[in-house]
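Understanding the architecture of this molecule
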Amino acid sequence: MSSSTTLYGGAGGRRLTVRDIAAAKARGERWPMLTAYDAMTARVFDQAGIPVLLVGDSAAMVVYGYESTVPVTVDDLLPLTAAVVRGSSRALVVADLPFGSYQSSPAQALETAARFMKEAGAHAIKLEGGRRVVPQVEALVAAGVPVMAHLGLTPQSVNTLGGYRVQGRGESGDELMKDAKDLERAGAFAVVLECVPADLAERVTESLSIPTVGIGAGAGTDAQVLVWQDLMGLTPRPARFVKRYSALGEELDRAARAFAADVGSGAFPAREHTYD
């Protein structure tokens, strides 16, 4: 496989599309997805070859400081999405539709999605839920909006799920499988599986022609996604499914303390940091 045809790190000066995502599934290629919320971070991840960037409603916690994803609004996420689009050149940018912006009707979902695509330049949207959002998915796809679905632990429904816990065990796994197939038939180009048993995620992946994106769903999915602050070690108590690839939080703490010490002692600014 040549580097120009791979999804992760591939060469080329054009934006990736959902057709590229589908082709990766056909090739059996596994690929990474990361969240991004600003232009600078998006540029770093884009240059690293990350093929899909998600402007997640997780911004509610990591950007705005809320305790859950529920309070974040469309107006909160639109400028973040626009920044990620501007900061990247190759990645497919997916925007999360926040709680309350699509559940009431297909018309509401289309109105919200249109704002993300027209005002922020998003290339696709993501929404949570199974069969209950099939009408929304159908309406969006019919209108030309690529849709990434989201099953399992759906954070916007955390209050009805009884907290952040594994979903899809026992008979509920059969329901999740049905939901996944219904979303595929409705036209979704991919489906996120969050906090579901690994064997269920693998069975769903094998049963679908569209790719699955796992987060806390084992190694059998087509792709994996993490919130970048979890990945880089900024969050103090990450979930079990998170692997830390950096200690960025500790490094930021060290740098801030060193800066404060230099200011206090007069060591900064030095001569080389001063204009004549």
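Before any of the text, the structure's been laid out above.
Right, let's walk through the structure included here. (Residues numbered from 1 in each chain as written. Predicted model: local features only at pLDDT ≥ 70, side-chain atom pairs only at ≥ 80, totals over all residues. Heavy atoms only, no water.)

**What about a nonpolar patch on the surface?**
The test is simple: Every patch collects residues that have over 30% relative accessible area and no salt bridge, joining them within 9 Å if they carry like charges and within 5 Å if they are nonpolar side chains (Val, Leu, Ile, Met, Phe, Trp, Tyr). Where accessible areas are quoted, they stem from the Shrake-Rupley method and a 1.4 Å probe; at the residue level, only the protein chains shown are allowed to cover. A side-chain nitrogen of Lys or Arg and a carboxyl oxygen of Asp or Glu constitute a salt bridge if their distance falls within 4 Å. For helices the rule is a DSSP run of H or I covering at least 4 residues; for strands it is a run of E covering at least 2, with both sets numbered from the N terminus onward.
A cluster of nonpolar side chains, namely M61, V62, V63, Y64 and Y66, defines an oily patch on the protein surface of about 380 Å² accessible area. Tracing the chain through its elements places V62 in helix α3 (residues 59-62).

**Here's the deal with the pattern of salt bridges**
The criterion, for reference: Here the term buried applies to any residue with accessible area under 20% of the maximum for its type, exposed to any over 50%, and partly exposed to those in between, with areas from a 1.4 Å probe on protein chains only.
On inspection of all chains with the given rule, the structure shows 14 salt bridges. Between E175 and K178 there is a salt bridge, and its shortest N-O distance comes to 3.7 Å. Here E175 pairs with K178, and both are found in helix α8 (residues 172-186), just 3 residues apart, close to one helical turn. The class for E175 is partly exposed, based on a relative accessible area of 34%. Residue class for K178 comes out partly exposed when judged on its relative accessible area of 43%. The salt bridge involving R271 is made with D276; its shortest N-O contact spans 2.5 Å. D276 shares its class with R271; the two are exposed.

**Considerations on the nonpolar core**
Stated formally: As used here, the term nonpolar core means buried Ala, Val, Leu, Ile, Met, Phe, Trp, Tyr and Cys residues forming a set that is joined through side-chain atoms within 4.5 Å. In this description, contact between two residues means that some pair of their heavy atoms is separated by no more than 4.5 Å.
If you look at the biggest cluster of nonpolar residues, it comprises 59 residues, and the most contacted ones within it are L127 and L193. With 7 residues, helix α4 (residues 74-87) is the largest single contributor of residues to this core. Leave out the neighbours within four places in its chain, and L193 touches L151, L176, A201, V204, T212, V213, G214, I215, A217 and T221. If you look at the next biggest cluster of nonpolar residues, it comprises 19 residues, including W31, A124, F189 and A223.

**Digging into the pairing of strand β8 (residues 223-226)**
Moving residue by residue along a regular strand, the side chains alternate between the two faces of the sheet. Under the convention used in this document: Strands are treated as partners if at least two bridges between them are detected by DSSP.
Sheet analysis places strand β1 (residues 31-35) next to β8, joined by 4 bridges and oriented parallel. Its bridge partner being in β8, P32 is matched across the sheet by Q224. Where strand β7 (residues 212-215) lies against β8, 2 bridges are found, and the strand directions are parallel. Looking at the pairing, G214 lines up with Q224 of β8.

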